[in-house]
Amino acid sequence: MLKYVLKRIALMLFVFFVIMTFCFVLVKLLPSLPAQQFGKDQALIEQRREQLGYGKPLMVQFYLFIKHALRGNWGMSETLYPMSDVWDTFVEKLPYTITVNLYSMLFSVPIGLLLGIYAALKKNKWQDHVISTGVMALVSVPSFIYAFLIQYFLCYKFGWFNIIVEDYNVPVFSWKMFVQLAPAVIALALPTIAGLTRYTRAELTEVLTSEFMLLARTKGLTRGQATVRHALRNAMVPIFPMIIGEFIGILSGSLIIESIFGISGVGKLYLGAIKAIPPDYNFFMLLSAFYTFIGLFAGILVDISYSFIDPRIRMGAK
Amino acid sequence: MEKKEYQITKESFRFTQEGKSLKDKAPETKPVGYFKDAFRRFARNKASVVAAVIIGLLLLYAIIVPIACNTNFIDAYSRDTAKGEAADTDAKFYQYLLPKVALFEGTGFWDGTQKKQINNNNYVRYKAIEQETGAPVITKYFREIVEEKFDGTTVMHEVRVDSYRSNAFITKTVTGPEYEKIQAWQQENNIQVLFPVVDPAQKNNNGDITIWYKCKLSGAPIYAADGKTLQPAYKTNLADDYNSLRIAGDDGSYAYANRTGKPGSFSYECRINAYNYFIYKYGIEPCFALGTTDAGYDLLTRLASGARFSFILAICIATINLLIGAIYGAIEGFYGGVIDLAMERFSDILSGIPFTVVTVLFQMHLKDDVGVVGSLIFAFVLTGWIGTASTVRMQFYRYKNREYVLAARTLGATDARLMFKHIFPNALGTLITGSVLVIPGVMLSETSLTYLGIVNLDTGTMSSVGSLLSAGQACISSYPHIVLYPAVFFSLLMISFNLFGNGLRDAFNPSLRGSEEG
């Protein structure tokens, strides 16, 4: 087991390294115009760039990049937030992304599971049809379209929330911030709820028809007991890793939802770095590394969590 | 031993059952092949068939509308703006028009009008436009709302405003010949396009050229002595070379243009009625079934052209990915061993790169060489084929050791023939389903990217659903129609594709055969 985990981690680090090399080389191949805003002092720009290894061979630059990056020094922002440290800005923005995604997970996981279980228990009755139709629509329609509906109805017509997040001077974990983030939380939660409901329903209906459920009923368990103790536990095997994957995914957040609701998080930072003229390469490198890492890490964690949950899979890995 | 010659003739054979009745019959039904069976099972799934019909209709809309509108004003109008000529600013005159269908004129539904609460100054302004142009701006008066405030009472009017008439006037500088042409056309059709120029000395209108009367700084009108007649504030007695229709109440002194430039190359700054100018230019009254966008483009054609591009892009990418994935997966699965391992690691690394990062890098690098669309296709193709490849690989592993493959090899079939003639057809069903499901995925990614502005496909004649959505989102509270129609279109498309894909997957899955009847 440990060997398997270590092997996976080593492979992940290798893939991560290759992808970062790819990004680094491609970015270095781009014309690098000195940004006008950057202090407007050519000498300063030159000095800073010399520090980063500009003008040296690409390999040396790459070595310096890795050396600095490992110490948490990802360079300075040139166009987006001139003269501020890229890493510090990133850390500053991260809480908003995490908060909004965390809230959405806190709502969507219980609701999604409950709806899925309910639909599975009421299979082929009208309750199931209503839930399944709703889920079908919610899964298909992209989240930015709900975001428009939420923005138009909840924020504009009913006036319950602000259209975009305006006040950043309140603590991240406060009621006021929660109200500001609420529309984005709803927009993010809906597709997760739908996905989870659909998955739970499919898994649970499969387990409910299996033979050991009949045995459980025969030995005298009530329907509720059999469902909770036997069916649900077995159905959770594939569902739980999915939830873990989503929890890791909350770090990377959603570019679209953040830009629609004006949440100043990582996604908006990434978009800003790309759209800046010239693009802010240091932000781009850091955030690309971040997104790549999150994606790879989530994949590993999901695979490993399978074997932690299900003893059968654990046996197979040996 | 003497050799005996055997002669086998037809007569030496005879039927064993001669004289007896035959019990078995030749099958009367035709044999059902794999694809026919799949089609039959697909047709039994009602929801998928409906979804397929809806997709077909949306596809027709995307294909036909941009072609069918080729000869009418809507496209002419877009083409003008695409050239970036003076017409470029013309589009702006028709921005934010509400959806209107000529059939519903005056019903209050889908006729380009909107229920609004306006203040007294605006009410007078709209009434003044009606007085000047003869066309009503306020189509229905609901009620008067009197609000008591600490600084006095304000009167609001709840009315239905015609968006095609409310933004009545535009300032446009035309050349001499154009000016002559408009005058001649006015004379011929008896429609007033050019209206008298408002005196710039009348500064209280804050540059709003729809206010042609004397007003206070607040915008409130200054009435004549009788307390209800508006006093005109037009420029008078200028050399405007005007010799055409004049508005009611004009004693011949009103100026219809500010003439600038040297003799022989005069240009005329005119105050033009937007509605009538549209008729002059395109020979048809402005009437946009889905309204116009923030840039003044017709939403119906704009959306169709965006959707058409999306469809074409998705189909292209699905095809390219299918080809690359099939070949890559076939080689992986057929040869196995070290080749398989190396190629798997390669695709593992590729699949680890986040799609957004790829798109951005490709946009930065290739935009100048192969254009926006080209670099977008590259980004989609870079990682898109991996799913297809793994499907094909799996099927190859399953089939390559079957007896019939061995038989074919014994007969001397080459590797390529074995791969594509004998094994590959087994993967076809899964691949077709997979490729159809790639299409909505690509459309969704393309829409997200254009929505975020990472990729910009907008030109005068082309747009994308994403950029329409993002432009509409900016004015969602005042003009929800701009975001509504693209959103409805896209949601419908995605739901239909999802249902259609589910049906297709079930139909091509042989293990589900017969389960529907149960």
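Residues numbered from 1 in each chain as written. Chains lettered and ligands numbered in written order. Predicted model: local features only at pLDDT ≥ 70, side-chain atom pairs only at ≥ 80, totals over all residues. Heavy atoms only, no water.

A. Broad picture of the overall build of chain A. Within chain A one finds 13 helices and zero strands. Walking chain A from its N terminus toward its C terminus, one meets helices and strands in the order α-α-α-α-α-α-α-α-α-α-α-α-α. Overall size of chain A, expressed as C-alpha extent along the three principal axes, is 85 × 60 × 30 Å. When contacts within chain A are restricted to residue pairs at least 6 apart in sequence, those whose partners lie at least 24 apart make up 72%. By element, 67% of the accessible surface of chain A is carried by carbon and sulfur atoms, the whole surface being about 16300 Å². Between the centroid of the 28 positive side chains of chain A and the centroid of its 18 negative side chains there is a distance of 11 Å. (Helix = DSSP H or I, 4+ residues; strand = E, 2+ residues; numbered from the N terminus. Contact = heavy atoms within 4.5 Å. Areas by Shrake-Rupley, 256 points an atom, 1.4 Å probe, with all protein chains shown as cover. Lys, Arg positive; Asp, Glu negative; His and termini not counted. Charge placed at Lys NZ, Arg CZ, Asp CG, Glu CD.)

B. Layout of the interface of chain A and chain B. Taken residue by residue, the interface counts 38 residues in chain A and 32 residues in chain B. Together chain A and chain B conceal approximately 3100 Å² of surface at their shared face, both sides included; 82% is due to carbon and sulfur atoms. Counting across the chain A and chain B interface gives zero salt bridges. Looking at the side of chain A that touches chain B, the elements with two or more residues in it are α1 (2-29), α5 (126-140), α6 (143-157), α10 (255-260), α11 (266-275) and α12 (281-309) of chain A. (Buried area = accessible area lost by both parts, 1.4 Å probe. Salt bridge = Lys/Arg side-chain N within 4 Å of Asp/Glu carboxyl O.)

C. Broad picture of the pattern of salt bridges. All names here are of chain B. By the definition in use, this model includes twelve salt bridges over all chains. A salt bridge links D37 to R41; the shortest N-O distance between them is 3.3 Å. Of this pair, D37 and R41 both sit in helix α1 (residues 34-44), four residues apart, roughly one helical turn. Exposure remark for D37: the relative accessible area of 10% places this residue in the buried category. The residue D340 makes a salt bridge to R393 at a minimum N-O spacing of 2.8 Å. With D340 in helix α10 (residues 337-352) and R393 in helix α12 (residues 386-399), the pair connects residues that are 53 residues apart, well separated along the chain. For D340, a relative accessible area of 6% translates into the label buried. Connected through shared salt-bridge partners, K115, R143 and E158 make up one network. (Buried < 20%, exposed > 50% of the residue type's maximum accessible area, 1.4 Å probe, protein only.)

D. Seen up close, the domain arrangement of chain B. Here chain B is partitioned into domain 1 (102-162) and domain 2 (299-517). For domain 1 of chain B and domain 2 of chain B, the distance between their C-alpha centres works out to 51 Å. (Domains from an automatic or database assignment.)

E. Highlighting the side chain of D162 of chain B. Residue and element names in this part refer to chain B. Topologically, D162 is positioned in strand β3 (residues 152-162). Put simply, D162 is tucked away with no salt bridge, and the nearest opposite charge, on R165, sits 4.6 Å away. With near-sequence residues (within four places) excluded, D162 lies in contact with G112, T113, P136, V137 and T139.

F. Highlighting unusual backbone geometry. At N124 of chain A, a position not held by glycine, the phi torsion is positive, near 65 degrees. Within the fold, N124 of chain A resides in the loop between α4 (86-121) and α5. At W110 of chain B, a residue that is not glycine, the phi angle is positive and equals roughly 55 degrees. Using a relative accessible area of 34% as the deciding quantity, one classes W110 of chain B as partly exposed.

G. Main features of the confidence of the model for chain B. Residue and element names in this part refer to chain B. With 92% of its residues at a pLDDT of 70 or more, chain B has an overall mean of 82. Considering only residues more than four positions removed or in separate chains, one finds that residues 71-76, a stretch of pLDDT under 50, has eleven contacts. Predicted confidence is poor over residues 81-88, with pLDDT under 50, and the contacts of this stretch with residues over four places away or in other chains come to eleven contacts. Scoring the predicted complex yields pTM 0.84 and, for the interface, ipTM 0.85. (pLDDT = per-residue confidence, 0-100.)

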